[in-house]
Each structure stands twice: as structure tokens, then as C-alpha cells.
Number of protein chains: 2
Amino acid sequence: MKIPVVRNILEVNDRVAEQNRALFDQNRVFVCNLMSSPGAGKTSLLERTIDHLKDRLRIGVIEGDITSNLDAERIVQKGVQAVQINTDGACHLDANMVWEAVSNIDLTSLDLMVIENVGNLVCPAEFKVGEDVKVMILSVTEGDDKPLKYPLMFQLSQALIINKIDLLPYVDCDMQKVRETALKLNPGITIFEVSCRTGEGLGTWYDWLQGKIESRA
Amino acid sequence: MKIPVVRNILEVNDRVAEQNRALFDQNRVFVCNLMSSPGAGKTSLLERTIDHLKDRLRIGVIEGDITSNLDAERIVQKGVQAVQINTDGACHLDANMVWEAVSNIDLTSLDLMVIENVGNLVCPAEFKVGEDVKVMILSVTEGDDKPLKYPLMFQLSQALIINKIDLLPYVDCDMQKVRETALKLNPGITIFEVSCRTGEGLGTWYDWLQGKIESRA
């Protein structure tokens with residue numbers, strides 16, 4: 001009984017994701033679906049990225065949270081458009097939620113939209129929202145066994161940002177093991193090692209993102 | 001369309017959870033459903049807890065993971081019974097998975113069974129598995145805003161273990177804020193501040209768990 005229902009939900013989701021995709025293309029907006037476990041640093045990465053790119057790119061943000069608008073409040077302070085989606089219990093964003101949120105955003109005034117997904121290393125990976133790229137964050141505090149234990153997000157993401165490298169001296173996380181396992185799951189994934197706290201390593205991430213936006217069709 | 005399907009799944013789940021509950025009661029096994037984000041320290045807490053209690057209590061473990069048996073391998077080395085559930089993509093354990101796993105365990109030989117759920121701060125809270133207590137872990141590295149952003153697990157857990165307090169000097173996490181927010185969501189929750197790395201604070205957790213097991217009807 002269960003599998004057909006899930007498949008059906010995913011098929012409907014994919015159709016709506018294509019609608020979103022068409023709308024983003026019409027308006028030439030590059031869309032990044034940002035995913036991670038709770039507290040791995042999605043909002044902190046976004047704050048840093050906005051600070052660095054906002055003079056060159058017009059940026060908008062969709063914040064996905066089960067409840068509260070704490071993250072959207074942080075983002076609005078950066079002077080960019082932000083819309084909050086409250087999923088009311090749901091553990092991921094789906095294409096329909098993004099479709100509804102987009103009606104509150106002036107797409108013609110944007111170059112880049114970042115969709116910050118619900119903090120969850122599992123479910124968000126299954127649901128396309130019409131993005132150009134999926135980007136995931138892993139915090140070194142989560143441990144080096146995470147690619148093997150939660151493979152789908154690593155398999156589907158174009159970029160893996162390993163965050164909180166300033167904490168490496170205090171935790172057991174073998175970076176080489178993370179890299180090797182992630183690359184075995186997804187040989188095409190681009191890996192960044194950063195600290196959103198100190199700023200270390202973020203330059204290559206900004207360049208990669210800007211390059212992607214500039215090289216789109 | 002979606003809400004009735006979800007409700008139906010939860011109702012079926014609750015009935016199977018009651019079956020599990022009856023089976024655990026028959027065998028006088030105390031069951032702890034252990035939940036957290038990925039990498040917050042469920043397996044580490046379990047290793048420490050087994051080391052401390054295994055001479056006094058007969059302990060069994062059900063390991064829930066999407067894929068792999070890395071955690072079960074760690075637990076078996078502690079000399080206790082362990083069964084691995086691979087959810088094959090599902091983001092939480094449900095009562096039926098636990099029902100099937102239990103058929104591989106000799107319940108008559110156990111006092112305590114710990115069910116380590118899939119690493120996910122959202123979905124596992126919704127699914128009863130027949131447990132006596134829900135226990136959750138929050139790592140200080142996840143940040144002090146997590147109770148407000150992911151309230152359900154905090155509302156439903158009997159105990160909140162705040163782990164990795166050895167990292168407090170290096171992260172922004174206001175412990176008072178975590179405590180206050182968690183207690184506002186759930187005034188009856190018991191809070192422990194621990195480091196599974198150093199062992200700090202774990203004594204009160206062991207005592208609490210042992211007290212719960214001894215005082216059951």
C-alpha cells in the first residue's frame with residue numbers, strides 16, 4: 001500500500017517542480033536548493049554569501065521551517081527579499097510550497113534565489129523544487145560516517161560544503177574519509193572545506209556559485 | 001488528499017505500537033526510543049550507557065538506519081544483543097519495523113531495550129514504536145534555536161540530553177536559552193548536560209534511566 005502512495009506524491013511533485021523551473025527560466029533566476037541537518041550552518045552560510053555577493057547579484061531567499069520565522073528575520077537584516085514557508089510539521093519543502101512562496105517574490109528583480117530547506121539530512125533530497133543546483137552542508141561535528149549512513153543527499157548534490165572546520169581540533173572527524181566516501185557516492189560532487197564562523201575557505205565557494213550563475217544557458 | 005493519508009498511516013502505526021507495548025510488558029522489558037539529528041551522539045551515548053549499566057541490567061539494542069550497519073557493529077562490540085533495521089530510504093522507524101525486528105530478539109533475556117532511531121530531528125517524533133520513554137539528544141553544535149524550530153520532539157520527549165558540552169567554549173550556544181525554551185515547550189522534560197566524549201554529566205543520566213526501569217509498574 002505505502003510505496004505506490006509515495007511514488008504518486010513524488011510524480012506530482014516532479015510536475016510542479018517543472019512548472020517552477022519554467023518560471024525561473026523565464027525570469028533568468030538561478031536557484032540553489034540548500035540542504036543539511038539541523039544546525040549544520042545553512043543560515044550562516046547564506047548570511048556570509050549574501051554579504052559577499054549582494055553588490056554583484058540581486059539575491060532572494062525562501063526560508064523553509066517547520067515553524068517560526070527566526071531564519072527569515074536573520075536574512076531580512078541583510079537587505080534582501082525573503083519569504084518564509086512554514087511547513088506546519090512537514091519535514092521538507094516540496095515543489096508546491098515553493099510554487100506558492102514564489103507568488104510573493106518579484107522574480108524579475110532577481111539573479112539568484114536560495115531556497116533554504118528544512119533542517120533534515122534525509123527527506124529534502126527526495127523532493128525537487130525546480131532548482132538549478134542542490135547544495136548540501138555537512139558539519140564536521142556530525143562525524144565522518146554520515147555519507148555512508150545518509151547517502152541520497154550526497155548522491156544528488158552538486159556541491160558538498162563541509163562546515164565548522166574551525167572545530168576540527170576538538171572532534172573526531174577524518175576529513176579524508178568524508179571526501180573519499182562522498183566522492184565514491186558521487187564522483188562529480190564539488191567539495192568545499194569552510195568555516196562560516198571564521199570565513200576560512202569561503203572564497204572558493206563564492207567563486208563556484210558565481211561561476212555557475214554566469215555560465216547558465 | 002495528503003492529510004488523510006498521513007493520519008491513516010499514523011493510526012495504523014499506533015495500533016502496531018500497542019501490540020509492541022503489550023509484548024514488551026509481557027516480558028517486562030523497559031524500552032527507550034532514542035532520537036536526535038544525525039551526529040548528535042546517539043550511538044556514543046549508547047556505548048557509554050551500556051558500559052555503565054551492563055553488569056546490572058540485561059540490555060538489547062535495535063539500530064535504525066536508512067542503510068549500512070555501522071552503528072550495530074559498534075554496539076555488538078559492547079557484548080549486548082543488537083539488531084539492525086535498514087529502513088531503505090525511510091526517514092524514521094515505525095512500529096511495524098520494530099515489530100519485525102523484535103522477532104529476532106530474545107525478549108525474555110532483557111531488562112532494557114534501546115531503540116536508536118534514524119538521525120532526524122523531525123519525523124521520528126511522530127511515530128510511536130511501543131516505547132516506555134522517548135529520549136532525545138541535542139548537540140550544542142546545533143545551536144540554541146533548535147527547540148523553537150523543531151518543537152515536536154522536545155514536546156514529546158521525557159528527557160533531553162544536551163551533548164558535547166566540551167565544545168561549549170568554541171560554539172555559540174546559550175545553554176540557558178536551550179533550557180528555557182525546552183521547558184516552555186515541555187515543562188515535564190528532564191534535562192541533562194553531558195559530554196559523551198569526556199563522560200562529564202553522564203552519572204545523572206544513568207541514575208535517571210535506572211530509576212525509570214526500577215520504578216515501572
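For clarity, every value in this text was computed on a predicted model and none was experimentally measured.

Some details on the overall build of chain A
When you go through chain A residue by residue, the secondary structure sums to eight helices and seven strands. Against the compact-globule benchmark of 17 Å for 217 residues, chain A has a radius of gyration of 17 Å, which places it among compact chains. Taking the principal axes of the C-alpha coordinates as reference, chain A spans close to 50 × 45 × 35 Å. Within chain A, the fraction of its 217 residues that count as buried is 58%. Contacts in chain A between residues far apart in sequence, at least 24 positions, make up 73% of those at least 6 positions apart. As presented, chain A carries roughly 8900 Å² of accessible surface, and 50% of it is formed by carbon and sulfur atoms.

Here we look at the packing of helix α2 (residues 42-53) of chain B against helix α8 (residues 202-214) of chain B
Residues and elements named next belong to chain B. One way to put it is that α2 packs onto α8 with a least axis distance of 11 Å and a crossing angle of 70°. Between α2 and α8, the crossing angle belongs to the class labelled roughly perpendicular. For the pair α2 and α8, the crossing hand works out as right-handed. Side by side, α2 and α8 meet where L45, R48, T49, H52 and L53 of the first sit next to L202, W205, Y206, L209 and Q210 of the second. Its residues assigned to classes, the contact of α2 with α8 comprises six nonpolar, three polar and one charged.

What about the environment of E200 of chain A?
Residues and elements named next belong to chain A. Positionally, E200 belongs in the loop between β7 (190-193) and α8 (202-214). It is 21 Å that separates the C-alpha atoms of E200 and K212, two residues lying 12 residues apart in sequence. Here E200 is in contact with I165, E193, V194 and S195, once residues within four sequence places are set aside.

Focus on unusual backbone geometry
Most peptide bonds adopt trans geometry, and most residues besides glycine take a negative phi value. Residues and elements named next belong to chain A. The backbone of R28 sits at a positive phi, close to 50°, despite the residue not being glycine. Considering the arrangement of structural elements, one finds R28 in the loop between α1 (2-26) and β1 (30-36). The backbone phi angle of K164 is positive, close to 65°, even though this residue is not glycine. Looking at the secondary structure, you find K164 in the loop between β6 (159-163) and α7 (175-185).

Looking at the interface of chain A and chain B
In this assembly, 35 residues from chain A lie in contact with 36 residues from chain B. Summing both partners gives a buried area of about 2900 Å² for chain A against chain B, and 58% of it is carried by carbon and sulfur. When the buried area of chain A at its contact with chain B is split by residue, P38, K149 and Y170 of chain A rank highest and sum to 20% of it. At the boundary of chain A and chain B, one finds six salt bridges. Linking D65 of chain A and K149 of chain B is a salt bridge whose minimum nitrogen-to-oxygen distance equals 3.4 Å. Seen at the junction of chain A and chain B, the total is 12 residue pairs in polar contact (both at pLDDT 80 or more). Among the secondary structure elements, those contributing two or more residues to the side of chain A that touches chain B are α1, α3 (70-76) and α5 (146-149) of chain A.

Topic: the pairing of strand β3 (residues 81-86) of chain B
Residue and element names in this part refer to chain B. As defined by bridge partners, strand β2 (residues 59-65) adjoins β3 across six bridges and the pair is classed as parallel. Note that in β3 the partner of D65 across the bridge is N86. In the classification by handedness, the crossover that spans β2, the intervening helix α3 (residues 70-76) and the parallel β3 is right-handed.

Considering the packing of aromatic side chains
Using the criterion set out here, one finds seven aromatic pairs over all chains in the structure. Relative to Y170 of chain B, the ring of Y170 of chain A lies with its centre 3.6 Å away and its plane at 5°, an arrangement referred to as stacked. Residue Y170 of chain A is located in the loop between β6 and α7, and its partner Y170 of chain B is located in the loop between β6 (159-163) and α7 (175-185); the two belong to separate chains. Each ring, one from F192 of chain B and one from W208 of chain B, has its centre 5.8 Å from the other, and the planes form 70°; the classification is edge-to-face. Taken as a pair, F192 of chain B in strand β7 (residues 190-193) and W208 of chain B in helix α8 lie far apart in primary sequence, 16 residues in all. Judged by its relative accessible area of 14%, W208 of chain B falls in the buried class. Every member of this aromatic cluster is reached through a ring pair, and the members are F192, W205 and W208 of chain A.

Quick look at the sheet that holds strand β2 (residues 59-65) of chain A
All names here are of chain A. In spatial order, the strands read β3-β2-β4-β1-β5-β6-β7; together these seven strands make up an open sheet with parallel pairing. Looking at the sheet topology across the chains shown, the edges are occupied by β3 (81-86) and β7. Adjacent strand axes in the sheet meet at a mean angle of 20°, parallel and antiparallel pairs treated alike. Two elements, β6 and β7, share four bridges in a ladder whose sense is parallel. Paired with A159 across the bridge in β7 is T190. Seen against the sheet, helix α2 (residues 42-53) touches β1, β2, β4 (112-116), β5 (133-139) and β6 and runs at an angle of roughly 175° to β2.

Conventions adopted
Residues numbered from 1 in each chain as written. Chains lettered and ligands numbered in written order. Predicted model: local features only at pLDDT ≥ 70, side-chain atom pairs only at ≥ 80, totals over all residues. Heavy atoms only, no water. Helix = DSSP H or I, 4+ residues; strand = E, 2+ residues; numbered from the N terminus. Rg over C-alpha atoms; globule rule 2.2 N^0.38 Å. Buried < 20%, exposed > 50% of the residue type's maximum accessible area, 1.4 Å probe, protein only. Contact = heavy atoms within 4.5 Å. Areas by Shrake-Rupley, 256 points an atom, 1.4 Å probe, with all protein chains shown as cover. Axes fitted to C-alpha atoms, helices over the stretch in contact; angles between N-to-C directions. Parallel < 35°, antiparallel > 145°, perpendicular 65-115°, else oblique. Left-handed = near helix turned anticlockwise from the far one by under 90°. Nonpolar A, V, L, I, M, F, W, Y, C, P; charged D, E, K, R; others polar. Buried area = accessible area lost by both parts, 1.4 Å probe. Salt bridge = Lys/Arg side-chain N within 4 Å of Asp/Glu carboxyl O. Polar contact = N/O pair within 3.5 Å; in protein donor to acceptor, adjacent residues only side chain to side chain. Pairing = 2+ DSSP bridges. Right-handed = clockwise from strand over helix to strand, strands pointing away. Phe/Tyr/Trp six-rings, centres within 6.5 Å; stacked < 30°, edge-to-face > 60°.

Any functional reading would require information beyond the geometric quantities listed.
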